[in-house]
Protein chains: 2
Amino acid sequence: MAAINTRTSPKKESTIVDAGHSFTEENYLKTILKLSEQSEDAVSTNAIAFRLGTKAATVTDMIRKLSQKKLIHYKKYQGVRLTARGTKVAWAIVRRHRLWEVFLTEKLHFKWDEIHNIAEELEHINSEELVKRLDKFLGFPKFDPHGDPIPDSKGRLSRISRTTIKEMQIKQTAIMTGVIDHTSPFLRHLEMLKLTPGKEIKLLRMLDFDGSCIISINRGEETYISSLVASNILVSIRNEKV
Amino acid sequence: MAAINTRTSPKKESTIVDAGHSFTEENYLKTILKLSEQSEDAVSTNAIAFRLGTKAATVTDMIRKLSQKKLIHYKKYQGVRLTARGTKVAWAIVRRHRLWEVFLTEKLHFKWDEIHNIAEELEHINSEELVKRLDKFLGFPKFDPHGDPIPDSKGRLSRISRTTIKEMQIKQTAIMTGVIDHTSPFLRHLEMLKLTPGKEIKLLRMLDFDGSCIISINRGEETYISSLVASNILVSIRNEKV
DNA sequence: ACTTAAATTTCGACTTGTCTAAACATTTTA
DNA sequence: TAAAATGTTTAGACAAGTCGAAATTTAAGT
Ligand SMILES: [Mn+2]
Ligand SMILES: [Mn+2]
Ligand SMILES: [Mn+2]
Ligand SMILES: [Mn+2]
């Protein structure tokens, strides 16, 4: 299970600011960003190791390196936080990932559960110009196929208020704008139900004893979804402030 | 000048046949293919080292590895040749490279001298399905932006007879179908002259004392090109057998 | 043939990214 | 607050890819 992925970019061109991170470094940065979003606390060694499928010892080494490069703040045993620079670099990677995901679905017609792994590789192609042109080619999309926001070239990202179906009021209407669970089985299930970002969802009933929901999609017939499914679907309710 | 590029693909999916070559291995295979095309002889260690910007010692190591994997034939001090399998793998990489080049020019509007380095990275994204869909998206192109043939998914490639302008007869007409020199300065020079694949070229005069040529492009006004330029432009003359 | 010269391989050695086992620090929990 | 559990770092090793220097082999020259 050795998933090695090294690259010492000899890119002398590219942006002066921040070029030359290996595949591996980039994956660590992205992972730390993801984990940072999930809680205020510093990100733990174990959490990183788990998400990356490596061991804690390995993470400690990389943490040292990233810290030396001033991409993360680190004090022994205290976990890590991205620096301003690290944050910028990490978002740039996420931007590339999500733009490629749009490309794969919109242009190559991949299904939304097939794109993640390919984008996981494409995101490391490190050319400022490539990303700029890809963005334009795709029409400057604001969200990826899973409903996640794509930061613009300056790192600004459209934040919209999102809750799960579970938190909706009965008879309330909302637009589906994303998923929490990104795994293939879940995505395929949603596709089967024709429950994809952009659809209008009205919560008709929520069953007391197991929390499952009856909804209508685009004002069509009633659809039953389990509590688990409902709690993994993100929706935006009109007229809501962030 | 350490241009490292490692990857041990943990791809368990993908084609059963031939997956799981590192970036580095792929670059060696492609290089050996290129050098094989330039002469009948076995490819020498030094030639590979030179093209890859590495040292002979390094090449010897990789050669052993590739040989062990049955991708090349190798006897000490005798140079290497691709096996049937190695040839297939190498052409698949070339195919990906050239398809991405088409994408970069046709869809992202890169100039033909800017695409090589980016394609050099994209070619290693190893997904059968991705390449298949990209090919379709691009309309199954037969040639890349430099006029080089793109093998189809079975490895078949359209061979057309090509010579340089220097070998044309006076008053003869031909279609530009490629370049020998692929460097940026040369490509930019040709672009400035509007001398790109597809153009109709008529050789009007060839000067004796320095071999420079006067040609017309698409029946337009006369254009002067040096002997060096003429010898680096590939053309196809109608009604010629391979 | 015998002696150079050139190309190739072998021999340590270094860098990245990884792992296991053992040591050390911080938290829990009784 | 002291012992136990959990989390993190250190130490030693390994595979991949690379290099310089030295040893070998093949090719050339006379
Ligand atoms: Mn990745
Ligand atoms: Mn996504
Ligand atoms: Mn390459
Ligand atoms: Mn090309």
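Novice: Would you explain the sheet that holds strand β6 (residues 200-206) of chain A in this entry?
Specialist: Where strands meet in a sheet, backbone hydrogen bonds hold them as pairs that are either parallel or antiparallel. All names here are of chain A. Spatial strand order, β4-β9-β5-β6-β7-β8: 6 strands in an open sheet with antiparallel pairing. Of all the strands in the sheet, just β4 (163-164) and β8 (222-225) have a single pairing partner and so form its edges. Examined bridge by bridge, β6 and strand β7 (residues 213-217) share 5 bridges and lie antiparallel to one another. Note on β7: the bridge partner recorded for R205 is I214. On top of the sheet, helix α7 (residues 184-192) reaches β5 (173-179) and β9 (233-236); it is set at about 150 degrees to β5, its chief contact.

Novice: Help me understand the protein's contact with DNA strand C, please; the structure alone is not making it clear to me.
Specialist: Among the 24 residues in the neighbourhood of DNA strand C, the closest are listed as S22, T58 and K65 of chain A together with R64 and Y74 of chain B. A share of 80% is what sugar and phosphate atoms reach among the atoms of DNA strand C within 4 Å of the protein. One nitrogen or oxygen atom from the main chain of Y77 of chain B is found 3.1 Å from a phosphate oxygen belonging to DNA strand C. When contributions to the surface near DNA strand C are tallied by element, the ones reaching two or more residues are α1 (23-38) and α3 (56-68) of chain A together with α2 (45-52) and α3 (56-68) of chain B. Here the surface near DNA strand C takes 5 residues from α3 of chain A, the largest share from any one element. Broken down by class, the residue content of the surface near DNA strand C amounts to 9 nonpolar, 10 polar and 5 charged.

Novice: Sorry, what's going on with the packing of aromatic side chains here?
Specialist: The relative placement of two aromatic rings is captured by the distance of their centres and the angle of their planes. Here the structure, examined in full by the defined rule, presents 8 aromatic pairs over all chains. Their ring planes at 90 degrees and their centres at 5.6 Å tell us that F23 of chain A and F23 of chain B sit as a pair that is edge-to-face. Of this pair, F23 of chain A sits in helix α1 while F23 of chain B is found in helix α1 (residues 23-38), placing the two residues in two different chains. On the accessibility criterion, F23 of chain A (6% relative accessible area) is buried. Ring geometry for F137 of chain A versus F103 of chain B: centroids 6.1 Å apart, planes at 80 degrees, classification edge-to-face. Taken together, the residues F137 of chain A in helix α6 (residues 128-137) and F103 of chain B in helix α4 (residues 84-107) connect one chain to another. Among the aromatic residues, those joined into a cluster by ring pairs are W100, F103 and F137 of chain A together with W100, F103 and F137 of chain B. Above the ring of F137 of chain A, the side-chain terminus of K107 of chain A is found at 4.6 Å from the ring centroid. When the ring centre of F110 of chain A is taken as origin, the NZ or CZ atom of R133 of chain B, which lies over that ring, is 4.4 Å away.

Novice: For this particular structure, what's the right way to read the pairing of strand β9 (residues 233-236) of chain B?
Specialist: Where a strand is regular, its side chains alternate between the two sheet faces. All names here are of chain B. Where burial is concerned, the two faces of β9 agree: the one with I233 and V235 and the one with L234 and S236 are both buried. For strand β4 (residues 163-164) and β9, the ladder comprises 2 bridges, and the chain directions are antiparallel. Within β9, the position partnered with T164 by the bridge is L234. Pairing geometry for strand β5 (residues 173-179) and β9, over 4 bridges, is antiparallel. Its bridge partner being in β9, G178 is matched across the sheet by L234.

Novice: What exactly am I supposed to notice about the coordination of the manganese ion (ligand 1) here?
Specialist: By definition of the ideal shapes, four donors in a tetrahedron about a metal sit 109.5 degrees apart, and six donors in an octahedron sit 90 or 180 degrees apart. Residue and element names in this part refer to chain A. Protein ligation of the manganese ion (ligand 1) involves N27 (OD1), E120 (O), E120 (OE), E123 (OE) and H124 (NE2), the donor distances falling in the range 2.1 to 2.6 Å. Binding-site remark: the manganese ion (ligand 1) is held by donors from one chain whose sequence spacing is N-x92-E-x2-E-H. Residue N27 is located in helix α1, and its partner E120 is located in helix α5 (residues 116-122); the two are separated by 93 residues in the primary sequence. You can call N27 buried: its relative accessible area is 19%.

Novice: Before we go on, may I ask you to explain the packing of α1 of chain A against helix α2 (residues 45-52) of chain A in this structure?
Specialist: When two helices pack together, you describe them by how their axes are tilted relative to each other and by the distance separating the axes. All names here are of chain A. The contact between α1 and α2 brings their axes to 10 Å, and the two run at 120 degrees. Considering their axes alone, α1 and α2 lie oblique with respect to each other. Remark: the crossing between α1 and α2 carries right-handed chirality. Contact residues: N27, Y28, T31, I32, K34, L35 and Q38 in α1; A47, I48, R51 and L52 in α2. Among the residues forming the contact of α1 with α2, the class breakdown is 6 nonpolar, 3 polar and 2 charged.

Novice: Looking at this model, I keep getting lost on the protein's contact with DNA strand D. Mind explaining?
Specialist: Inspection of the region around DNA strand D gives 24 residues, with R64 and Y74 of chain A together with S22, T58 and K65 of chain B positioned closest. Taking all atoms of DNA strand D within 4 Å of the protein, the share assigned to sugar and phosphate is 81%. Within the side chain of T60 of chain A, an N or O atom sits 3.0 Å from a phosphate oxygen of DNA strand D. The separation between a phosphate oxygen of DNA strand D and a polar side-chain atom of Y74 of chain A is 2.2 Å. Broken down by secondary-structure element, the contributors of at least two residues to the surface near DNA strand D are α2 and α3 of chain A together with α1 and α3 of chain B.

Cut-offs and rules
Residues numbered from 1 in each chain as written. Chains lettered and ligands numbered in written order. Predicted model: local features only at pLDDT ≥ 70, side-chain atom pairs only at ≥ 80, totals over all residues. Heavy atoms only, no water. Pairing = 2+ DSSP bridges. Helix = DSSP H or I, 4+ residues; strand = E, 2+ residues; numbered from the N terminus. Contact = heavy atoms within 4.5 Å. Axes fitted to C-alpha atoms, helices over the stretch in contact; angles between N-to-C directions. Near = heavy atom within 4 Å. Polar contact = N/O pair within 3.5 Å; in protein donor to acceptor, adjacent residues only side chain to side chain. Nonpolar A, V, L, I, M, F, W, Y, C, P; charged D, E, K, R; others polar. Phe/Tyr/Trp six-rings, centres within 6.5 Å; stacked < 30°, edge-to-face > 60°. Buried < 20%, exposed > 50% of the residue type's maximum accessible area, 1.4 Å probe, protein only. Lys NZ or Arg CZ within 6 Å of the ring centre and 35° of its normal. Donors = N, O, S within 2.8 Å, 3.2 Å for Na, K, Ca; no water. Parallel < 35°, antiparallel > 145°, perpendicular 65-115°, else oblique. Left-handed = near helix turned anticlockwise from the far one by under 90°.

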